[in-house]
Amino acid sequence: MKAAGRSDPQNRLEANSPLPPLLVVDRIPEEFGLALGKYFTLTTISKCENTANIRFAISGSDEADNLPINGSLLDMLPSLELLAGFGAGYDRIDVSAAARRGVVVTNTPNIHVDEVADFTIGLMIATVRQIPQADRFVRTGGWLKSSFPLGAGTLRGRRLGIAGLGAIGKAVASRAASFGMQIAYHGRNKQKSLPYPYYGSLEDLSGAVDVLIVTLPGGEVTRHLVNSNVLSALGQNGVLVNVSRGSVVDEDALILALREERILGAGLDVFSDEPRVRPEFLGFPNVVLQPHIGSATISTRRAMWQLVVDNLLSWASDGKAITPVPETSWPKVHSLTGNRLIREKG
């Protein structure tokens, strides 16, 4: 299992030399651990006797209780060259600290776009049309006693606002357009090539739409961007759908807006302290809760992990990262001395 069209990194190492160590920061699927074991000696922080020699590391993304990858951890790895991360989001990695230390960070973008966009549309429909609630109504015998109450939610005539019109946001927009929804968006900048109206603030966008879908990246820049003012602007007929990061939504403000019926409902796939969900959310009948499964299909997750492997093998064989994150994507010059890649910042 190796990057297509790239040389086998074992062929670039000295004959009979030991395989270079690979620090596994988080749990990885067994099949990919076995694949990487052909090229690296896998180790962990607790088992590694000499972290100063670690040049390669691999991290997961959204599993509960994963270590934050910050300056303190990176200081334990002075020889680190590449940190191959799983997931499109990488807010748990201090990329500024990595950049200062000359460490290239990679992620797994784009592979999950269609999967997440399909799921987002499904979560929107499930929330607006109360599909999970109707399912519970049947399962608990409610239908034997009465008809399911007519719902206030409908997609007819609804205007959709998308916060963060990146690859996922665009894929969501194209799907929503097929329902006849009017679409507008907010982001850091207006994208001139798009036909949708642009709003310079998230509050202004919320005031103009009935459904707000959040596809923004996580991190301090977007922390609690969806706040009380944004939710109030969304209005009593408004629905919030969050498939980005739990940190983007001020959960205290959302709970209060739901309690005071200032919005119609919410569909949430992400939370601020996963997998711990605020108990208040569990009591709202107009909230659809999901366990962060936007990209969680076998085929998509396998493809994402394969890209993690390919980034590592590409770096080990050619000194090139396939999908470096923008903050650490500077050009590199590499040469091989024994089994050691010598790097220079370009």
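Residues numbered from 1 in each chain as written. Predicted model: local features only at pLDDT ≥ 70, side-chain atom pairs only at ≥ 80, totals over all residues. Heavy atoms only, no water.

## Side note on the overall build of the chain
Rule in force here: Counting from the N terminus, the helices are the DSSP runs of H or I reaching at least four residues and the strands are the DSSP runs of E reaching at least two. To be clear on the numbers: accessible area is Shrake-Rupley with a 1.4 Å probe, and residue cover counts the displayed protein chains and nothing else.
Within the chain, the secondary structure is distributed over eleven helices and 13 strands. Working note: accessible area of the chain is about 16,700 Å², and carbon and sulfur atoms make up 52% of it.

## Observations regarding the sheet that holds strand β10 (residues 265-268)
Test applied: DSSP calls a pair of strands paired once it identifies at least 2 bridges connecting them. Axis definition: a line fitted to C-alpha atoms, limited for helices to the stretch in contact. Angles are taken between N-to-C directions and run from 0 to 180 degrees. Every residue pair with non-hydrogen atoms within 4.5 Å of one another is taken to be in contact.
With parallel pairing, six strands are arranged side by side in an open sheet as β7-β6-β8-β9-β10-β11. In this open sheet, the two edge strands, each paired with only one partner strand, are β7 (182-186) and β11 (287-289). The average undirected angle you get between the axes of adjacent strands in this sheet is 15°. Note that β10 and β11 share three bridges and pair parallel. Bridge pairing in β11 links Leu-268 to Leu-289. Across the sheet, helix α6 (residues 167-177) is in contact with β6 (159-163), β7 and β8 (211-214); its angle to β6 comes to roughly 170°.

## Considering the packing of aromatic side chains
Put simply, the rule is: To pair, rings of Phe, Tyr and Trp, with the six-membered ring standing in for Trp, must have centres within 6.5 Å; the planes then decide the type, stacked if under 30 degrees apart, edge-to-face if over 60, and tilted in the middle. For every residue, the accessible area (1.4 Å probe, protein chains only) is compared with the maximum for its type, and the residue is labelled buried under 20%, exposed over 50%, or partly exposed between those bounds.
Enumeration over the complete set of coordinates arrives at five aromatic pairs. For the pair Phe-40 and Phe-56, a centre-to-centre distance of 5.3 Å together with 65° between the ring planes defines the contact as edge-to-face. Here Phe-40 is found in the loop between α1 (30-36) and β2 (41-43), whereas its partner Phe-56 is found in strand β3 (residues 56-59), with 16 residues between them in sequence. Looking at Phe-56, the relative accessible area reads 1%, which means it is buried. Measuring from ring centre to ring centre gives 5.2 Å for Phe-137 and Phe-148, while their planes differ by 70°; the resulting arrangement is edge-to-face. Of the two residues, Phe-137 sits in helix α5 (residues 131-139) while Phe-148 sits in the loop between α5 and β6, which places them eleven residues apart along the sequence.

## What about empty space enclosed by the protein?
In plain terms, the rule: A cavity here means a set of points on a 1 Å grid, drawn over the protein atoms and nothing else, where a 1.4 Å probe fits but cannot get out; a pocket is an open set with protein on both sides within 12 Å along at least five of seven lines, and a residue lines either one if it has an atom within 4 Å of a point. Grid points are joined across faces, edges and corners, and a volume is the space filled by probe spheres set on the points. Residues were grouped as follows: Ala, Val, Leu, Ile, Met, Phe, Trp, Tyr, Cys and Pro as nonpolar; Asp, Glu, Lys and Arg as charged; and all remaining residues, including Gly, as polar.
Scanning the entire structure with this criterion turns up two cavities of 30 Å³ or more. What the second largest cavity holds in volume is close to 30 Å³. Taken together, Ser-59, Gly-60, Gly-85, Phe-86, Gly-87, Gly-89, Tyr-90, Arg-92, Ile-93, Thr-106 and Asn-107 form the lining of the second largest cavity. Residues belonging to the lining of the second largest cavity are distributed by class as follows: three nonpolar, seven polar and one charged.

## Things to note about the environment of Leu-234
As for its placement among the helices and strands, Leu-234 is situated in helix α8 (residues 228-234). Remark: the alpha-carbon pair of Leu-234 and Ser-206, spanning 28 residues in sequence, is separated by 4.6 Å. Not counting the four nearest positions on each side in its chain, Leu-234 is found in contact with Ser-206, Val-209, Asp-210, Val-211, Leu-212, Val-239, Leu-240 and Ile-263.

## Re helix α9 (residues 251-259)
As a reminder of what qualifies: Whenever two N or O atoms come within 3.5 Å, that pair is a polar contact, provided that in protein one can donate a hydrogen and the other can accept it, and provided that, for residues adjacent in sequence, both atoms are side-chain atoms.
Along α9, the positions that sit buried rather than exposed are Glu-251, Ala-253, Leu-254, Ile-255, Ala-257 and Leu-258. Looking at the buried positions of α9, the neighbouring elements they touch are α8, β9 (239-242), β10, α10 (279-282) and β11. The N-cap residue of α9 is Asp-250: its side-chain oxygen and the backbone nitrogen of Asp-252 are 3.1 Å apart. Immediately downstream of α9, the backbone of Glu-261 shows phi near 60°, a positive value.

## Notes on the environment of Asn-70
Tracing the backbone shows Asn-70 in the loop between β3 and α2 (71-75). Distance in space between the C-alpha atoms of Asn-70 and Arg-92 is 8.1 Å, their sequence separation being 22 residues. Side-chain polar atoms of Asn-70 contact the backbone nitrogen of Leu-73, separated by 3.1 Å.

## Some points on the pattern of salt bridges
Quick reminder of the rule: Counted as salt bridges are all cases of a side-chain nitrogen of Lys or Arg within 4 Å of a carboxyl oxygen of Asp or Glu.
This structure, assessed with the given rule, holds 13 salt bridges. Taking the shortest distance from any N to any O, the salt bridge between Asp-26 and Arg-92 comes out at 2.8 Å. Highlighted residues: Asp-26 in the loop between β1 (21-24) and α1 and Arg-92 in the loop between β4 (82-85) and α3 (95-100), separated in sequence by 66 residues. A single burial state applies to Asp-26 and to Arg-92, both of which are buried.

## Topic: the confidence of the model for the chain
In plain terms, the rule: Residue-level confidence of the predictor is what pLDDT reports, using numbers from 0 through 100.
When pLDDT is averaged across the chain, the result is 89; 89% of the residues are at 70 or more. The low-confidence segment residues 10-16 (pLDDT under 50) makes twelve contacts with residues lying over four places distant or belonging to another chain. Counted against residues more than four places away or in other chains, residues 332-346, with its pLDDT under 50, gives 41 contacts.

## A closer look at the pairing of β10
Side chains Gly-265 and Gly-267 of β10 all project onto a buried face; the interleaved residues Ala-266 and Leu-268 project onto the opposite face, where all are buried too. Where β9 meets β10, four bridges bridge the pair, whose relative direction is parallel. Across the sheet, residue Asn-242 finds its bridge partner in β10, namely Leu-268.

## Side note on the sheet that holds β3
If you walk across this open sheet you meet the five strands as β2-β1-β3-β4-β5, and the pairing is parallel. Edge positions in the open sheet fall to β2 and β5 (104-106), since each of these has one partner strand only. On average, adjacent strands in this sheet sit at an angle of 20° to one another, irrespective of strand direction. Sheet topology places β1 next to β2; three bridges connect them, and they run parallel. Among the inter-strand pairings, Leu-23 is bridged to a residue of β2, identified as Thr-43. With respect to the sheet, helix α11 (residues 298-318) is in contact with β1, β3, β4 and β5, its orientation differing from that of β3 by roughly 170°.

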